[in-house]
Amino acid sequence: FVAAHVDWSIVKATPDTQKYINSKGDCLRTHQWRKTYAQFVFQVNPKLLPAIARQFKHLSIAMTEGAYINTNDALLTDVAEHNLYRTTDRLLEFARGTAPKMEGRLARLFEKYQEELATIIQGKNNTGARQAMLTWCSQRSLKLFFHGYGGCIPGLAPTEAECHKRAQTVHWANTAPNYATREPSVCTGCFLFMVGPESVEFWRDRYVSNNTAYLQAEAQGNGDGFRVAKERAAQSATYLNFLDVPLPEIVLERKSHAR
């Protein structure tokens, strides 16, 4: 299409376009359209961010935000607002005592201070309550970052974020996670992390893949070599049990079953 229809002589030369002009578009690659697609869909409807992450088979929504959305300065405000609204909705649930069953140190903290959160919306109707909570979160730069396997609110206690401790980037002004070091093994031990129903799929898949690998290795007498897989499966089972999700049945190749 480029070779047949683009007149490179009329394309304005800039640092971004020069390499395309010089090669007459030969340096174009199909993967470049992934970012274009992601940013277009997000601008149409920010609520489609989880769908974009699934389409790209990303481990977490934060990965999509960092690699595809946050590279566009024009979308930074939209992403920030989207995370702020998610935070507002979740804290409203805790304030009203209607939050779904959740696990994690951050969830325990919100449950402990439920009465204090309730005072923010006391005596207000639905519209007023949401605006009051939105203002409260905005003034404190509280934004919920969903990672597929759970969520965190770094702005609540910036110096406690384990991902920043791991990267040695701890700073009192941090309001977002460190994407380079954020992973399940780091996040699950973090003061700012919590897991809810929206993460069931991740923990179910993690349980199946790791428990299957361990049981197959154990059947072959190599269980000790898969201790990490065993521990990951046990951790996944803990989250699933807490969220009242039945553990999936593990079917090995030899047709034996384990739970």
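Residues numbered from 1 in each chain as written. Predicted model: local features only at pLDDT ≥ 70, side-chain atom pairs only at ≥ 80, totals over all residues. Heavy atoms only, no water.

*Asks:* Would you mind going over the side chain of S199 with me for this structure?
*Replies:* Mapping S199 onto the fold places it in the loop between β3 (193-194) and α12 (200-219). Judged by relative accessible area, which is 0%, S199 ranks as buried. What S199 contacts, discounting residues up to four positions off in sequence, is F146, G148, Y149 and G150. (Helix = DSSP H or I, 4+ residues; strand = E, 2+ residues; numbered from the N terminus. Buried < 20%, exposed > 50% of the residue type's maximum accessible area, 1.4 Å probe, protein only. Contact = heavy atoms within 4.5 Å.)

*Asks:* Explain the nonpolar core to me, please; I cannot follow it from the model alone.
*Replies:* Soluble globular proteins: nonpolar side chains tend toward being buried together. The biggest cluster of nonpolar side chains holds 27 residues, and the ones touching the most others in it are Y149, L192, F193, V195, W203, Y207 and L240. Listed by contribution, the elements that provide at least two residues to this core are α11 (184-187), α12 and α13 (227-242). For this core, the element with the most residues is α12, which contributes six residues. Judged by nonpolar contacts, the second largest core, of 21 residues, contains L91, F110, A129 and L142. (Core = buried A, V, L, I, M, F, W, Y, C linked by side-chain atoms within 4.5 Å.)

*Asks:* Looking at this structure, I do not really get the packing of aromatic side chains. What am I missing?
*Replies:* Given two aromatic rings, one states the distance between the centres and the angle between the planes to describe the pair. Tallying each qualifying case throughout the model produces five aromatic pairs. For the pair F202 and W203, a centre-to-centre distance of 5.0 Å together with 85° between the ring planes defines the contact as edge-to-face. Through successive ring pairs, a cluster of aromatic residues spans Y149, F193, F202, W203 and Y239. One residue, K101, lies across the ring of F242, its end atom 5.1 Å from the ring centre. (Phe/Tyr/Trp six-rings, centres within 6.5 Å; stacked < 30°, edge-to-face > 60°. Lys NZ or Arg CZ within 6 Å of the ring centre and 35° of its normal.)

*Asks:* Would you mind showing me how to read unusual backbone geometry here?
*Replies:* Outside of glycine, negative phi angles account for most residues, and trans bonds account for most peptide bonds. One non-glycine residue, Q168, adopts positive backbone phi at about 60°. Assignment of secondary structure puts Q168 in the loop between α10 (162-167) and α11. Phi at D244 takes a positive value of approximately 60°, unusual for a residue other than glycine. With respect to the helices and strands, the residue D244 is situated in the loop between α13 and β4 (250-251).

*Asks:* Explain α12 to me, please; I cannot follow it from the model alone.
*Replies:* Residues that lie three or four places apart on an α-helix share one face, since the helix turns once every 3.6 residues. Along its 20 residues, α12 runs 28 Å from first to last C-alpha, staying within 8% of the 28 Å computed at 1.5 Å per residue. Every buried residue of α12 is listed here: V200, F202, W203, R206, Y207, N210, N211, T212, Y214, L215 and A217. Looking one or two residues beyond α12, the residue adopting positive phi is G221, at roughly 80°. (Expected span 1.5 Å × (residues − 1).)

*Asks:* It is not clear to me how the confidence of the model for the protein should be interpreted in this structure. Could you clarify?
*Replies:* The predicted coordinates ought not to be read in detail in places where the model reports low pLDDT. Overall, the predicted model of the protein reaches an average pLDDT of 85, with 88% of residues at or above 70. Per-element confidence in the protein is highest for helix α8 (residues 114-121), whose mean pLDDT is 95, and lowest for strand β5 (residues 257-258), whose mean pLDDT is 48. Low confidence marks residues 255-259, where pLDDT is under 50. Its contacts with residues over four positions away, or in another chain, come to 11 contacts. (pLDDT = per-residue confidence, 0-100.)

*Asks:* Mind showing me how you'd approach the sheet that holds strand β2 (residues 151-152) here?
*Replies:* Two strands in a sheet stick together by hydrogen bonds in their backbones, pointing the same way (parallel) or opposite ways (antiparallel). Taking strand neighbours across the sheet as the criterion, the three strands line up as β1-β2-β3 in an open arrangement whose pairing is antiparallel. Sheet topology places β1 (145-146) and β3 at the edges, where each strand pairs with a single neighbour. Note that β1 and β2 share two bridges and pair antiparallel. What sits directly across from F145, in β2, is C152. (Pairing = 2+ DSSP bridges.)

*Asks:* In this structure, what is going on with α13? I would like to understand it.
*Replies:* Compared with the 22 Å implied by 1.5 Å per residue over 16 residues, the 23 Å span of α13 between its first and last C-alpha is a close match. Along its buried surface, α13 packs onto β3 and α12. Remark: D244 follows α13 within two positions and exhibits a positive phi of approximately 60°.

*Asks:* For this particular structure, what's the right way to read the pattern of salt bridges?
*Replies:* Close approach of charged atoms lets side chains of opposite charge pair. Following the criterion strictly, the structure yields eight salt bridges and no others. Of the charged contacts, one joins D244 and K101 as a salt bridge, the two residues approaching to 3.5 Å between their closest N and O atoms. Of this pair, D244 sits in the loop between α13 and β4 while K101 sits in the loop between α6 (73-96) and α7 (105-112); the two residues are 143 residues apart in sequence, bridging distant segments of the chain. Where E160 meets K165, a salt bridge forms, and the shortest distance between an N and an O atom there is 3.7 Å. Its relative accessible area of 36% is what places K165 among the partly exposed residues. Via salt bridges that share partners, R90, E93 and E198 belong to a single interconnected network. (Salt bridge = Lys/Arg side-chain N within 4 Å of Asp/Glu carboxyl O.)

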